[in-house]
Each structure stands twice: as structure tokens, then as C-alpha cells.
Amino acid sequence: PHHMLGCVDPTGGVASDTVAGGDRAPGSLAGAITVRDFRDAALRVVANVIARGKTPVLVGGSDYYLRAVVSQSLLDEGEDARAVESSDEDEDDADAATKKTKRDWTKGEPTVGPNDTWDEAAALAAHARLREVDPISAAKIHPRNTRRVRRYLEIRDSTGEPASEIFARRRRGAAEAMRFRSLFLCMRATNDELDLALRRRVDAMLAAGLVEELEAFAAKASGASDDARGASQSIGFHEWGRYLRARGFDWTSGEGKEGDVGGEGEDVDALRAEAVEAMKADTCRLARRQLRRCRRLERAFGWRVIYLDSTATHAGLRVGDDAAARSAWAKDVREPALAATVSFLAGEDPGIGAAAPSEEEPWTERRCEACDKTLRGETEWRSHVEGKRHRNRIAALRRKREGKHGIRQQASVES
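Residues numbered from 1 in each chain as written. Predicted model: local features only at pLDDT ≥ 70, side-chain atom pairs only at ≥ 80, totals over all residues. Heavy atoms only, no water.

Q: What is the right way to read the overall build of the protein from this model?
A: Check the secondary structure of the protein and you find 17 helices and 4 strands. The buried share of the protein, reckoned over its 415 residues, is 36%. Residue pairs in contact within the protein that sit at least 24 positions apart in sequence constitute 62% of those at least 6 positions apart. Just so you have it, the protein exposes about 23,600 Å², and 51% of that area is on carbon and sulfur atoms. (Helix = DSSP H or I, 4+ residues; strand = E, 2+ residues; numbered from the N terminus. Buried < 20%, exposed > 50% of the residue type's maximum accessible area, 1.4 Å probe, protein only. Contact = heavy atoms within 4.5 Å. Areas by Shrake-Rupley, 256 points an atom, 1.4 Å probe, with all protein chains shown as cover.)

In C-alpha cells form, the structure reads like this:
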């Protein structure tokens with residue numbers, strides 16, 4: 001049977017308490033649900049399943065919630081854990097906050113979020129302070145990653161302890177603190193094929209009544225003081241802000257062009273099309289972010305993750321070849337997943353600890369004397385030296401050394 005499947009009213013009303021598997025959603029889960037609420041509810045279900053001699057399977061959802069269930073060290077009740085817990089959420093959602101960047105730091109320019117402004121002096125000052133109080137973290141965080149720098153400083157100020165020490169302590173105890181012997185299966189596909197599949201899924205959601213559901217929620221939640229939080233900020237909600245306002249709903253959160261909050265009188269059809277496209281783009285970005293999270297769990301905590309490739313399955317579905325899709329699913333997904341599960345249940349695969357935790361590589365600062373510029377990290381260095389400005393500067397310096405500086409301009413004038 002399935003458990004914990006039901007509806008929770010995000011506006012704070014009473015939750016629908018009849019859920020599959022005979023469980024009931026606790027009254028405390030009405031409205032906003034914290035990761036601790038989920039953990040406590042899920043652990044009760046897991047304990048019941050294990051007591052019956054069965055193996056629980058956790059499917060879908062955020063890895064952040066999964067971590068809270070399977071590991072004690074990745075979410076505990078200490079003050080430092082609460083600070084780091086917020087840091088994890090910030091780091092995991094950094095792409096969401098910066099998805100509308102106007103410039104890319106890999107091109108030698110700042111990366112800022114839609115509500116941030118780039119102040120180089122302030123960013124460098126903040127990073128310099130982080131270097132003083134937490135040099136290990138500072139060596140791994142780019143100065144232009146202002147959100148992460150700010151969060152690590154907050155951890156230091158609120159706990160009195162550098163975030164690097166808190167993270168190191170958690171990594172050391174990650175394997176030992178696992179509540180359960182676990183096997184982790186992760187679906188992945190090539191970006192091109194997965195993007196197409198995700199876009200088709202959004203189309204299917206629209207056909208199934210997504211817009212009507214959004215409008216019903218907006219009608220109920222209009223004017224709520226916290227509508228800019230929780231569900232209204234999730235993918236499938238926040239992209240529709242301008243559309244909902246144009247439809248007459250009192251909706252204060254969501255997407256909008258700079259300086260334009262939307263409203264009645266706008267082209268509703270155009271706003272709908274814009275929201276659909278934004279939702280598809282956000283969904284594709286989320287899929288990439290989730291895969292990066294899984295890799296981070298391997299790198300930072302030594303989790304053994306088995307990846308299942310669904311690329312050929314999606315390709316078959318895209319062209320309407322159901323037979324090819326079923327064959328690919330059996331070969332690339334079901335069979336390897338079953339083999340790993342059988343091995344795990346037989347005690348042959350520990351599921352965790354096979355890979356040793358590794359530290360995040362520190363930034364390597366490199367100096368370009370020609371351009372009088374300091375670069376941090378291999379990606380930024382490579383982007384700089386391959387850039388047009390650097391190549392032009394090198395060429396100019398070479399002409400100057402050879403005594404040819406200005407010759408081209410002089411020849412042009414004489415002609």
C-alpha cells in the first residue's frame with residue numbers, strides 16, 4: 001500500500017485527512033509543512049512498515065526531505081543544525097534565485113539574482129570578512145556568490161562556529177548516523193531528451209486542468225499575507241503571477257518584468273503563453289539542480305547512488321514508439337534497478353559508504369598580469385584567457401614588444 005498521499009491546504013486550512021494506506025494526515029500538517037513535520041510523520045510510517053517485516057520505499061520529492069528521514073546527522077535539533085539547514089536550502093535553491101541573471105560570472109561578469117544588485121566593493125568586503133572568520137569556506141566560495149557568502153557569515157554569527165567546521169563534523173558522522181541501511185536509485189537522462197519530456201509533461205498538466213486549479217487556489221488565497229511564501233513560490237505557481245493579476249485576482253507574488261507587476265487590461269492570452277514557457281524552463285532547471293544535489297550527496301557524504309538512464313525511454317515516447325519505450329525501460333531502468341534491489345535485500349550491497357566523502361575543491365586564485373586582473377577558479381580563468389578582451393590585450397602587448405604598436409593605425413591613416 002501507499003502512505004502519506006493526500007492533500008494539505010497551503011493556505012492554512014484543514015488538511016484532507018484521508019490518505020492512501022489508511023494513514024491520516026496529522027492536524028499539525030495543515031498549512032505550512034516544515035521538513036521536521038515531514039520527517040516525524042514519515043518516520044512513523046517507516047517504523048510501521050519495518051515492524052511488519054516489509055521494506056519501505058521512499059519515492060519522489062526533494063532530496064532535502066529524504067535526507068531528513070534516512071540520516072540523523074543531516075537534520076538534527078541543535079542550533080547549529082538549524083543554521084546549516086537553512087544554508088542547505090539556500091545553496092540547493094541558488095539556481096532558482098539566479099535564474100534570471102543578466103550577466104554570467106564565467107564571462108568575467110557578476111552573477112546576481114533578480115532582486116539583487118551587484119556591488120563589487122561590498123561583495124569583496126564580505127568575502128574578505130569570511131576569509132578572516134572561516135578561511136576554509138572562503139577558499140571554496142567565489143566572491144561573486146554573494147548569497148552563499150552572506151549565509152556562511154550568518155552561520156558564523158549565529159552559532160559562533162565556522163560553517164566549515166559544522167559541515168566537516170556532519171560529513172564525519174554521516175555514515176554512522178544513518179537511521180537505516182539504504183539503497184538510493186536516481187533517474188537521469190540527457191539534458192536534451194529530458195527537457196523535451198518535461199515540456200511534454202507540462203503540456204499534459206495544462207490539459208488536465210492546471211490553470212483552473214491555479215485560479216481556484218488564487219481565489220482562496222488572494223490577499224493572504226504570506227502568499228509570497230510556500231506553495232505560491234513553487235514551480236507551477238510563481239510563474240503565473242502576472243497572469244493571475246490580469247485575471248483580476250489579488251495576487252501579490254509571482255513573476256513579472258522589472259517594474260511591471262501586471263494587472264487588469266493586459267493581454268491574458270499572451271501572459272498565459274509566457275507563464276507556460278516560464279514554467280517549462282523552470283522545470284528543466286529544477287531537474288538539472290536535482291541531479292547536482294544527488295552528486296553532492298555522493299561527494300560530500302559518501303552516499304552510494306545508482307543511476308538509471310531513461311534517455312532511450314523518453315526518446316521512444318517522444319516519437320510515439322511505445323514498443324521501443326517499453327523495451328528501453330526494461331533494459332535500462334527496470335532490470336538494473338531490480339538487480340541492485342535484489343543484491344541490496346540479500347545484504348550484498350551496503351547502499352552507502354562505498355564511496356568515501358570528499359572535500360569540495362578550494363578556489364585557486366590566478367593572476368593575469370596582462371589584464372591586471374585576479375581570477376578565481378579554473379572555470380573563470382579558462383573563460384578569461386579564451387575571451388576576446390584578453391586575447392586583444394595579449395596581441396597588443398606582443399605588438400608593443402616587437403615595436404609594431406600603432407603601425408596598423410598609421411598605415412590606415414596614410415592610405
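Now, onward.
Q: Explanation requested: the environment of Arg288 in the structure shown.
A: Inspection of the secondary structure assignment puts Arg288 in helix α12 (residues 268–301). Taking C-alpha positions, Arg288 is 9.6 Å from Leu194, a pair spaced 94 residues apart along the chain. Those residues within four positions of Arg288 in sequence are excluded, and the remaining contacts are Asn191 and Asp195.

Q: Could you clarify how one ought to interpret the side chain of Glu215 in this entry?
A: Here Glu215 lies in helix α10 (residues 210–221). A residue is classified by how much of its surface remains accessible, and Glu215, at 15% relative accessible area, is buried. Once you skip the residues sitting within four places of it in the chain, Glu215 turns out to touch Tyr243, Leu244, Arg247 and Phe249.

Q: Is there a simple way to explain the packing of aromatic side chains in this structure?
A: Here the distance between the centres and the angle between the planes together describe a pair of aromatic rings. A full pass over the atoms with the stated rule returns 3 aromatic pairs. Summarising the aromatic geometry, the rings of Phe38 and Tyr65 are spaced 5.2 Å apart at their centres and angled 85° between planes, so their arrangement reads as edge-to-face. Of this pair, Phe38 sits in helix α1 (residues 35–51) while Tyr65 sits in helix α2 (residues 63–70), and the two are 27 residues apart along the sequence. Measuring from centroid to centroid gives 5.4 Å for Trp240 and Tyr243, while their planes differ by 85°, and the two rings are edge-to-face. This pair shows no difference in class: Trp240 is buried, exactly as Tyr243 is. (Phe/Tyr/Trp six-rings, centres within 6.5 Å; stacked < 30°, edge-to-face > 60°.)

Q: Would you take a moment to explain the nonpolar core for this structure?
A: Nonpolar side chains tend toward joint burial in soluble globular proteins. Formed by 19 residues in total, the largest nonpolar core has its most connected members in Leu206, Leu210, Trp240, Tyr243, Leu244 and Trp251. Every element with two or more residues in this core is listed here: α9 (191–207), α10, α11 (241–246) and α12. Ranked by residue count, the leading element in this core is α10, at 6 residues. Residues in contact with Leu210, not counting those within four places in the same chain, are Met205, Trp240 and Met279. (Core = buried A, V, L, I, M, F, W, Y, C linked by side-chain atoms within 4.5 Å.)

Q: Help me understand the confidence of the model for the protein in this model?
A: With 67% of its residues at a pLDDT of 70 or more, the protein has an overall mean of 75. For the protein, the element scoring lowest by mean pLDDT is helix α4 (residues 94–97), at 37; helix α13 (residues 311–318) scores highest, at 96. Low pLDDT (under 50) marks residues 350–359, which in the prediction has 26 contacts with non-local residues, meaning those over four places away or in another chain. Here residues 409–415 is a poorly scored stretch, pLDDT under 50, and it has 0 contacts once near neighbours within four places are set aside; other chains count. (pLDDT = per-residue confidence, 0-100.)

Q: Any chance you could explain α13 here in plain terms?
A: What sets the pattern is the α-helix's 3.6 residues per turn: residues three or four places apart point alike. Burial in α13 covers these residues: Thr311, Thr313, His314 and Gly316. Against the buried residues of α13 lie β1 (184–188), α9, β2 (305–309) and α14 (322–345). One or two steps after α13, the chain reaches Gly320, where phi turns positive at roughly 80°.

Q: What is the right way to look at the pairing of strand β3 (residues 365–368) in this model?
A: It is a general feature of regular strands that their side chains alternate between the two faces of the sheet. The pairing of β3 with strand β4 (residues 373–376) spans 4 bridges and is classified as antiparallel. Counterpart to Arg367 in the pairing with β4 is Thr374. Taking the residues between adjacent antiparallel strands as the criterion, β3 and β4 are bridged by 4 residues, where Asp372 takes a positive phi near 55°. (Pairing = 2+ DSSP bridges.)

Q: Quick question: what am I supposed to make of α10 here?
A: Under the 1.5 Å per step criterion, the end-to-end length of α10 is 16 Å for 12 residues, consistent within 8% with the ideal 16 Å. Within α10, the full set of buried residues consists of Leu210, Val211, Leu214, Glu215, Phe217, Ala218 and Ala221. Looking straight down α10, one finds that the buried residues subtend no more than 165° of arc, so they occupy a single side. Exposed residues lying more than 90 degrees from the buried face of α10 are Glu212, Glu213, Ala219 and Lys220. (Expected span 1.5 Å × (residues − 1). Arc of directions from axis to C-beta.)

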